[in-house]
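Analysis of the macromolecular model
Here's the letter readout for the chains.
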Amino acid sequence: MFEAILEQVKSHDRIIIHRHKSPDGDALGSQIGLKHILMDNFPEKEIYVVGDGAGHYSFMEDSVMDEVDDGLYADALAIVLDTSAKHLISDERYPTAHATARMDHHIFVEKICQYEVTDTSFESCCGLVTAFAIESGLKLSPMSAKSLYTGMVTDSGRFRYDSTSSQTFRLASALMEQPFDTGDIYRNLYADDLSRIQLKARFALKIQLTARGVAYIYTTKEELAALNTDTFSISRGMVGTMSDIKGVSVWVNFTETEAGVLCELRSNRYNINPIAVKYGGGGHAKASGATVATKEIAMQMLSDLDALMKE
């Protein structure tokens, strides 16, 4: 499955690794993990990672992105990870590379690169990168394994989501053959200070329900500014506040920003991806996102989610 991408890796002396904007643990984990796999197995090559800041996941080792001059792309291989659509890629210079490749586990939206492996059977892009390493006969190190395991944990919801499979555990087991501290990962991911726990409590009080039981939270730009925290911590960080409400099988978190209304859609039963795609987004069957221009459009999306409950 990975032969063409491996051949491109071998034939290029410089490799620049991209992923999606506003990275989550899977985007960063796959990016950092692949970087170290390539550094460990091809020490003569130049390996770079590019994109916007790590934000909430800045605790991850080696999560600071590299500064790469435009001229370095001319004879490089650019690899795009964990991204289903061109407009989501952080750092738009990837098409200027000599060759391009993608590894992704999202529902297919469009062709992005010359060489592509997209497989939705993987719970995470980190799982896909782990499979790439194993099937290609590449060695893993504690650093690459810890990064990949971190992303696998976050995108599988600590192995709770129904995307988790026997394949997930086989790959996680292979990663855990390397010595790294899983406790350190969990402490950084899930241990909250008092202010964040109080913030979650505030957002729990904001939860509303549609007529058919879709849970949602709407945060205005003014409310976001008053919270004095980063956007990711509200948009992606607070959607889970609604995940365990009895009788709720679809939930969405709306966050107003200068760039538009960020929409995080989730379900434990329904395929909400077509609705995200309808509004210019994408992702997975039960976890997708989109950005819309106005609150009115966001409420149209909410109506579509509400109508889904009739099916």
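Below, the structure is looked at part by part.

Definitions and cut-offs
Residues numbered from 1 in each chain as written. Predicted model: local features only at pLDDT ≥ 70, side-chain atom pairs only at ≥ 80, totals over all residues. Heavy atoms only, no water. Helix = DSSP H or I, 4+ residues; strand = E, 2+ residues; numbered from the N terminus. Buried < 20%, exposed > 50% of the residue type's maximum accessible area, 1.4 Å probe, protein only. Contact = heavy atoms within 4.5 Å. Phe/Tyr/Trp six-rings, centres within 6.5 Å; stacked < 30°, edge-to-face > 60°. Lys NZ or Arg CZ within 6 Å of the ring centre and 35° of its normal. Pairing = 2+ DSSP bridges.

A look at the environment of Ala145
- Here Ala145 is to be found in helix 4 (residues 142-155).
- Residue classification places Ala145 among the buried residues on the basis of a relative accessible area of 0%.
- Other than its neighbours up to four places away in sequence, Ala145 contacts Leu175, Gln178 and Phe180.

Focus: the packing of aromatic side chains
- Scanning the model with the defined rule gives eight aromatic pairs in all.
- On the numbers, 6.1 Å between centres and 55° between planes, the contact of Tyr149 with Phe159 is tilted. Of this pair, Tyr149 sits in helix 4 while Phe159 sits in the loop between helix 4 and helix 5 (166-175); the two residues are 10 residues apart in sequence, bridging distant segments of the chain. Just as Tyr149 is buried, Phe159 falls in that class too.
- Considering the side-chain rings of Tyr186 and Tyr190, the 6.2 Å spacing of their centres and the 20° angle between planes classify their relative orientation as stacked. Separated by four residues within a single helix, Tyr186 and Tyr190 lie in helix 6 (residues 182-190), roughly one turn from each other.
- A relative accessible area of 26% places Tyr186 in the partly exposed class.
- A network of ring pairs unites the aromatic residues Tyr149, Phe159, Phe169 and Phe180 as a single cluster.
- Positioned over the ring face of Phe203 is Lys206, at 5.7 Å from the centre of the ring.
- The ring centre of Tyr218 lies 4.7 Å from the NZ or CZ of Lys295, which sits over that ring.

Notes on the pairing of strand 4 (residues 99-104)
- Counting buried residues along strand 4, six of its six residues qualify, which places the element largely inside the surrounding structure.
- Covered by surrounding structure in strand 4 are Ala99, Ala101 and Met103 together with Thr100, Arg102 and Asp104, the residues of both alternating faces.
- When strand 3 (residues 77-81) meets strand 4, the two strands line up parallel, connected through five bridges. When the sheet's bridge partners are listed, Ile79 is paired in strand 4 with Ala101.
- The pairing of strand 4 with strand 5 (residues 115-118) spans four bridges and is classified as parallel. Looking at the pairing, Ala101 lines up with Tyr115 of strand 5.

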